[in-house]
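In case you want the letters, here they are:
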Amino acid sequence: MKYQSFVGLEIHIQLITETKVFCSCPNNFGDEPNTNVCPVCMGYPGALPSLNEEAVFKALKVSRALNCHINEKAVFERKNYFYPDMPKNYQISQFEFPFGINGYFDLELDDGSVKRIRIHDVHLEEDAGKMIHDAYQSRLDYNRAGTPLLEIVTEPDLLDGREAELFVQQFRQLVRYLEVTDGNMEEGSLRCDANTSINLPGKGLGTKTEVKNLNSSRFVNKALTYEIKRHAKVLDKGDSIVQETRLWDEGSSTTRSMRSKEDSHDYRYFPEPDLPPFRPGAALMARVEEAMIELPNERKKRYEAELNLTADQAAFITAEKNTADWFEAVLAAGADASQAAGWLSGDIQKVLNKEGAAIDQSPFTPERIKELFDLINSNRISNNIGKDVLQAVFDEDKDPSVIVKEKGLEQVSDTGAVEKVVEEVLAAHPAVVDAIRAGEDKQIGFLMGQLMKATGGKVNPQLAREMIENKIKGSE
Ligand SMILES: [Zn+2]
């Protein structure tokens, strides 16, 4: 493409709080419509908002994790517009002095390189209600009106749809680690507006369009890819781009015009007279610093560098915080990192997927998994029997050693007992024995298989193999 493209995102996340941001109504998704409402969130005359400090704390946590400068005073403003889902006809938001400004996020690209994306600001606002349309009527549910919404605005530093998709994915992982939102895109806990412009190289930003309300990272990619191509076609014809807001239509995989884009002066922002400026004090900022955890990308790099995990293993384990925390608890119990990583991304995950269980709420406690590894590493059970024991730990919610004892799964390592079975197997397959004697060592695998079958997988494989080799080749 002969043009340069610029993409910026505005991401909205619903904060997890007990109550709404300016009143004490419950902040619950999925409740009976219009049950969580009061004079404040409905904007009745004379009702006064008061600021929810838990929402502020979470806004500051996100600002800090995005390396933002924290404003000494955060000011709330009224953003005036008329819309049926806005009972007050204005939205309390932030414009001049949001909580965080001038931050950055280090985005990991497909080739493993890191691109620094500048964050313009992080501001706190109230969400609007919801309109529900059907064939006969439009109805309004104000339960969501006044719930805390955090908006994160990037500079137009992203190149294209794919980079924007990666940003949404990695940002979602970050805010889930910070435990400020569940990030559930289907339920609207994380929504995204994407703006794009293109221009000839060196000419700077072009006229931008914005695609509203994208609720999956894949749609972000598709909508932007479509927009960039559409802009290029318009410019190629010698026409100019109309600055406007557009909607993504998944059915036709196209965007369509929604309305011409408002500028901020259209909203007539002015300071909210009922809420004084908020000054984050030293005590609150100390709490924020204390809540700063190792972020997913840092954790992933540490696993690769210090624990020698493969990039895939490290990415898998750090994808969700509860998995990574569980993994570290297994290491703290004394397990080997590569053994734990291998089992976690393999057999343990298989059982969890099949049973639809979360690791930190499953019978797989870190202590039990360490015990399972000990049984395997001391040759009391084979690796294969270990997999059966794992499933039994889930099914019966018992310790691995108890299961091994109850089911009689302990490996046979007694030389006399192994020798007896080996002799039986060799006697039953004389032709194979001859072949091995003639140099076809591969056939030893067949005899091992027969041996495992005869003992229900319980024979110590190392001992058995040595014995087979000795008996066949040692007697030459
Ligand atoms: Zn309320």
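Since this is a predicted model, take the numbers as computed values, not measurements. (Residues numbered from 1 in each chain as written. Predicted model: local features only at pLDDT ≥ 70, side-chain atom pairs only at ≥ 80, totals over all residues. Heavy atoms only, no water.)

## Section: helix α12 (residues 415-428)
Next up, step 1: With 14 residues, α12 extends 20 Å between its outermost C-alpha atoms, agreeing within 8% with the 20 Å of an ideal straight helix rising 1.5 Å per residue.
Next up, step 2: Within α12, the full set of buried residues consists of Val 418, Val 421, Val 422, Val 425 and Leu 426. All buried residues of α12 lie within an arc of 135° about the axis, which places them on one face of the element. Of the exposed residues in α12, those oriented more than 90 degrees away from the buried face are Lys 420, Ala 427 and Ala 428.
Next up, step 3: Against the buried residues of α12 lie α13 (430-437), α14 (444-455) and α15 (461-473). (Helix = DSSP H or I, 4+ residues; strand = E, 2+ residues; numbered from the N terminus. Expected span 1.5 Å × (residues − 1). Buried < 20%, exposed > 50% of the residue type's maximum accessible area, 1.4 Å probe, protein only. Arc of directions from axis to C-beta. Contact = heavy atoms within 4.5 Å.)

## Description of unusual backbone geometry
Glycine aside, the phi torsion of most residues is negative, and most peptide linkages are trans.
Next up, step 1: In this structure, Asn 67 takes a positive phi of about 60° despite not being glycine.
Next up, step 2: You can see Asn 67 is positioned in the loop between α1 (53-65) and β2 (69-70).
Next up, step 3: The class for Asn 67 is partly exposed, based on a relative accessible area of 32%.

## A short note on the sheet that holds strand β5 (residues 100-108)
Next up, step 1: Spatially, nine strands are ordered β2-β5-β6-β9-β1-β10-β11-β12-β13 in an open sheet, and the strand pairing comes out mixed. Each having just a single partner strand, β2 and β13 (254-260) make up the two edges of the open sheet.
Next up, step 2: Direction of pairing for strand β11 (residues 209-214) relative to strand β12 (residues 244-249): parallel, over a ladder of three bridges. Residue pairing in the sheet places Val 211 in a bridge with Arg 246 of β12.
Next up, step 3: Running over the sheet, helix α3 (residues 217-236) touches β1 (4-14), β10 (190-199), β11, β12 and β13 and is turned about 25° from β10. (Pairing = 2+ DSSP bridges. Axes fitted to C-alpha atoms, helices over the stretch in contact; angles between N-to-C directions.)

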